[in-house]
Amino acid sequence: FLILMLIGFSFVSLGAILFATQPSLVSCTMRQWLVTIGYTLGLVPLVVKVGAINKLVRSARKMKRVVLSRKYLFQVVLSIVTIAIIYLIAWSIVDAPTRTEEWNLSEKDLDFITVNVDCSSR
């Protein structure tokens, strides 16, 4: 689980680096994918582990035996990551983030134009 969390937050870091670059069609899409998958891989294993510990503590109060397999916990994480990937695929097909430019003419000096470049969806 720790390795999944490290991989996830590495993806978030790569996504942050892409936010510092000039937006393009590929970088706009990669930003969203890396950050979303990164946070999913970083936080879902933590939530699954807390849930497993909660289940153990509740069963210990009732003096019951609980069997939690790693395989089951990884399946829960994998299913949630799969849902996130399906969401990203649908988003990329229906309304992919694209590069947008916003041109503004300065009110004081009519010779000064500012250009804001960003990624956005409809």
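Residues numbered from 1 in each chain as written. Predicted model: local features only at pLDDT ≥ 70, side-chain atom pairs only at ≥ 80, totals over all residues. Heavy atoms only, no water.

Chemist: Talk me through the side chain of S59; I want residue IDs and the actual numbers.
Modeler: If you trace the backbone, S59 turns up in helix 2 (residues 25–61). Sequence-distant contacts of S59, defined by excluding residues within four places in its chain, comprise K64 and V66. (Helix = DSSP H or I, 4+ residues; strand = E, 2+ residues; numbered from the N terminus. Contact = heavy atoms within 4.5 Å.)

Chemist: So what about the state of the cysteines? Which residues, and what values?
Modeler: Within this structure, the stated rule accounts for 1 disulfide. Between C28 and C119 runs a disulfide, and the two sulfur atoms are separated by 1.9 Å. Every disulfide takes its handedness from the sign of the S-S torsion; for C28 and C119 that torsion is -75°, giving left-handed. Pair noted here: C28 is in helix 2 and C119 is in strand 2 (residues 113–120), with a separation of 91 residues, a long-range link. (Disulfide = S-S within 2.5 Å.)

Chemist: Which residues make up helix 3 (residues 70–95), and what values go with them?
Modeler: In an α-helix, one turn spans 3.6 residues; hence positions three or four apart end up facing the same way. Under the 1.5 Å per step criterion, the end-to-end length of helix 3 is 37 Å for 26 residues, consistent within 8% with the ideal 38 Å. Along helix 3, the positions that sit buried rather than exposed are L73, V77, V81, A84, L88 and D95. Close packing links the buried residues of helix 3 with helix 1 (2–19) and helix 2. (Expected span 1.5 Å × (residues − 1). Buried < 20%, exposed > 50% of the residue type's maximum accessible area, 1.4 Å probe, protein only.)

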